[in-house]
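Listed below are the residues making up each chain.
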Amino acid sequence: MDAQDLDAAAAIFIEARPRLFGIAYRMLSSASEAEDLMQEVWLRWQTTDRSVVHNPGGFLTTTATRLAINSLQSARVRRETYIGPWLPEPVDTGADPYLGAERGEALEFAALLLMEKLTPNERAAYVLREAFDYPYGQIAEILDTTEPAVRQLVSRARKRVAGERRVPASAEAQRELLTAFVAAARAGDMAALERLFAADVRSVSDGNGAYQVSRHAVVGPLRVINFLTAIAPWFWDDIEVEFASLNGGAAVVLRRGGPVYGVLAITAGPDGIDQLLWMVNPDKLTAL
């Protein structure tokens, strides 16, 4: 391989990389795993006989998707040993506008959590169709199956995601709720907190066994308020709060003494906040 050939290969890969990363992240819910997968795609592209590749973009998309399916299968095995709840790894869509430029419903935390219940092939078909609007025929080629089979995969995935997903609050309402929640939690205002919560609110903390991180979801307004009251004396005193756009929505980056300690995001509907998502596993915060 001469330098000119390698430069041409690199230019093709660099142009396709934002889309490939978007597919991989939505498949794996992990920016770090998606970055590792990009390295593998690049290595495979380098060692491929590119003279016989008539559609480089299609080749790279197929490679990334199939690697993501394999990675997702092994990731699920690894998560069996994860301590406590598992949440997606946040990505800063304020710093990477392209990632959030596609259809956002396959990027938000609520969607990523629901997609965890899909099979790897269902998830791949759903991501390619819903987030990137690939034709059914092209998805069939990527997944090495038939177009009718892809239509079934997408249909099943849509039903499973839509069947469990609530009507989300608007982006402006979510930000207002998050702002009000942070103010009430820091002030220990239990009455204000209760007004913000839906009747079945859940607080979910992802710390993979970290010290002082709940290993079980806390469910119900009273229990969540009691939980927040219990952690308030030590949690908020030295926390700096920074609002950010993560996964296409409003979130809060929590800093303790400078470094990022965690991320707080919410999901909300017409009845108020239905989920508090605390991501405090340091391994998931390196991208921030």
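Residues numbered from 1 in each chain as written. Predicted model: local features only at pLDDT ≥ 70, side-chain atom pairs only at ≥ 80, totals over all residues. Heavy atoms only, no water.

> Explain the overall build of the chain here, please?
A tally of helices and strands in the chain yields 10 helices and six strands. Here the chain has a C-alpha radius of gyration of 21 Å; the compact-globule value for 288 residues is 19 Å, and the two agree. Across the 288 residues of the chain, 48% fall into the buried class. For the chain, restricting intrachain contacts to residue pairs at least 6 apart in sequence, the fraction spanning at least 24 positions comes to 63%. Surface summary for the chain: the accessible area is close to 13,600 Å², and the carbon and sulfur share equals 53%. Positive and negative side-chain charges of the chain, numbering 29 and 37 respectively, have mean locations separated by a distance of 6 Å. (Helix = DSSP H or I, 4+ residues; strand = E, 2+ residues; numbered from the N terminus. Rg over C-alpha atoms; globule rule 2.2 N^0.38 Å. Buried < 20%, exposed > 50% of the residue type's maximum accessible area, 1.4 Å probe, protein only. Contact = heavy atoms within 4.5 Å. Areas by Shrake-Rupley, 256 points an atom, 1.4 Å probe, with all protein chains shown as cover. Lys, Arg positive; Asp, Glu negative; His and termini not counted. Charge placed at Lys NZ, Arg CZ, Asp CG, Glu CD.)

> What should I look at first to understand the layout of surface pockets in this one?
Empty space among the atoms becomes apparent when a probe as large as a water molecule is rolled across them. One number sums up the size of the largest pocket: a volume of about 650 Å³. Lining the largest pocket are 28 residues, with Ala110, Thr267, Ala268, Asp274 and Gln275 sitting closest to its centre. Mapped by element, the contributors of at least two residues to the lining of the largest pocket are helix H4 (109-115), helix H8 (171-187), strand E1 (197-206), strand E4 (249-256), strand E5 (260-269) and strand E6 (272-279). Broken down by class, the residue content of the lining of the largest pocket amounts to 13 nonpolar, seven polar and eight charged. Every residue lining the second largest pocket is counted, 13 residues in all, and those nearest its centre are Glu33, Arg78, Tyr82, Trp86 and Lys284. No other element matches the three residues that helix H3 (residues 56-79) contributes to the lining of the second largest pocket. Its residues assigned to classes, the lining of the second largest pocket shows three nonpolar, four polar and six charged. (1 Å grid on protein atoms, 1.4 Å probe; cavity = no way out; pocket = protein on both sides within 12 Å on 5 of 7 lines; lining within 4 Å. Points joined across faces, edges and corners; volume = space filled by probe spheres on them. Nonpolar A, V, L, I, M, F, W, Y, C, P; charged D, E, K, R; others polar.)

> I tried to follow the side chain of Arg50 on my own but got confused; where do I start?
Its place among the elements puts Arg50 in the loop between helix H2 (31-47) and H3. Since its relative accessible area comes to 14%, Arg50 is described here as buried. Reaching out from Arg50, the side chain makes a polar contact with the backbone oxygen of Trp45 at a distance of 2.8 Å. (Polar contact = N/O pair within 3.5 Å; in protein donor to acceptor, adjacent residues only side chain to side chain.)

> Would you mind going over the packing of aromatic side chains with me for this structure?
Aromatic ring pairs: the centre-centre distance and the angle between the two ring planes describe each pair. Within this structure, the stated rule accounts for nine aromatic pairs. With 5.3 Å between their ring centres and 40° between their planes, Phe13 and Trp42 make a pair best called tilted. Here Trp42 lies in helix H2 and Phe13 lies in helix H1 (residues 3-28), a separation of 29 residues in the sequence. Taken together, Phe181, Phe197, Trp234, Phe235, Trp236, Tyr261 and Trp278 form an aromatic cluster joined through their ring pairs. (Phe/Tyr/Trp six-rings, centres within 6.5 Å; stacked < 30°, edge-to-face > 60°.)

> Is there a simple way to think about the sheet that holds E4 in this case?
Strands in a sheet are paired, the pairing made by backbone hydrogen bonds, and the direction either parallel or antiparallel. Pairing is mixed across the open sheet formed by six strands, whose spatial order is E2-E1-E6-E5-E4-E3. Either end of the sheet is taken by a strand with one partner, and the two such strands are strand E2 (218-219) and strand E3 (239-246). As paired elements, E5 and E6 share seven bridges and run antiparallel to each other. What sits directly across from Ala268, in E6, is Ile273. The sheet strands contacting H8 are E1, E3, E4, E5 and E6, and the helix crosses E5 at an angle near 125°. Packed on one face of the sheet, helix H10 (residues 221-235) meets E1, E2, E3, E4, E5 and E6 and runs near 45° to E1. (Pairing = 2+ DSSP bridges. Axes fitted to C-alpha atoms, helices over the stretch in contact; angles between N-to-C directions.)

> Could you clarify how one ought to interpret the pattern of salt bridges in this entry?
For side chains bearing opposite charge, pairing can occur when the charged atoms are close. Per the stated rule, a full pass over the model turns up 12 salt bridges. Taken together, the shared-partner salt bridges connect Glu122, Arg156 and Arg160 into one network. (Salt bridge = Lys/Arg side-chain N within 4 Å of Asp/Glu carboxyl O.)

> Help me understand the pairing of E1 in this model?
The side chains of a regular strand alternate, residue by residue, between the two faces of the sheet. E1 sits mainly inside the fold: seven of its 10 residues count as buried. Here E1 pairs with E6 via six bridges, running parallel. Counted as the bridge partner of Phe197 is Ile273 from E6.

> Even after reading the chapter, I still don't get empty space enclosed by the protein, so can you show me in this structure?
In the structure shown here, the tally under the stated rule is three cavities of 30 Å³ or more. If you add up the space inside the largest cavity, you get close to 120 Å³. Every residue along the wall of the largest cavity is listed here: Ser205, Gln212, Val213, Ser214, Phe227, Ile231, Trp234, Phe235, Tyr261, Trp278 and Val280. The element best represented in the lining of the largest cavity is H10, accounting for four residues.

> Hey, could you run me through H1 in this one?
Because each turn of an α-helix spans 3.6 residues, side chains separated by three or four positions end up pointing in the same direction. Largest kink in H1: about 50°, centred on Arg17, with the proline Pro18 one to four residues after it. Ser29 sits one or two residues past H1 and shows a positive phi near 55°. (Bend = angle between axes of the 7 residues up to and from the residue.)

> How should the nonpolar core be read in this particular structure?
One broad rule of soluble globular proteins: the nonpolar side chains tend to lie buried together. With 50 residues, the main nonpolar core has Leu20, Tyr25, Met27, Leu37, Val41 and Leu143 as its most contacted residues. Breaking this core down by element, the ones donating at least two residues are H1, H2, H3, H4, helix H5 (120-131), helix H6 (136-143) and helix H7 (147-164). Top contributing element to this core by residue count: H1, with 10 residues. Those residues in contact with Leu143 that sit more than four places away from it in its chain are Thr65, Ile69, Asn121, Ala124, Ala125 and Leu153. Within the second largest apolar cluster, 30 residues are counted, among which are Val182, Ala192, Phe227 and Ile266. (Core = buried A, V, L, I, M, F, W, Y, C linked by side-chain atoms within 4.5 Å.)

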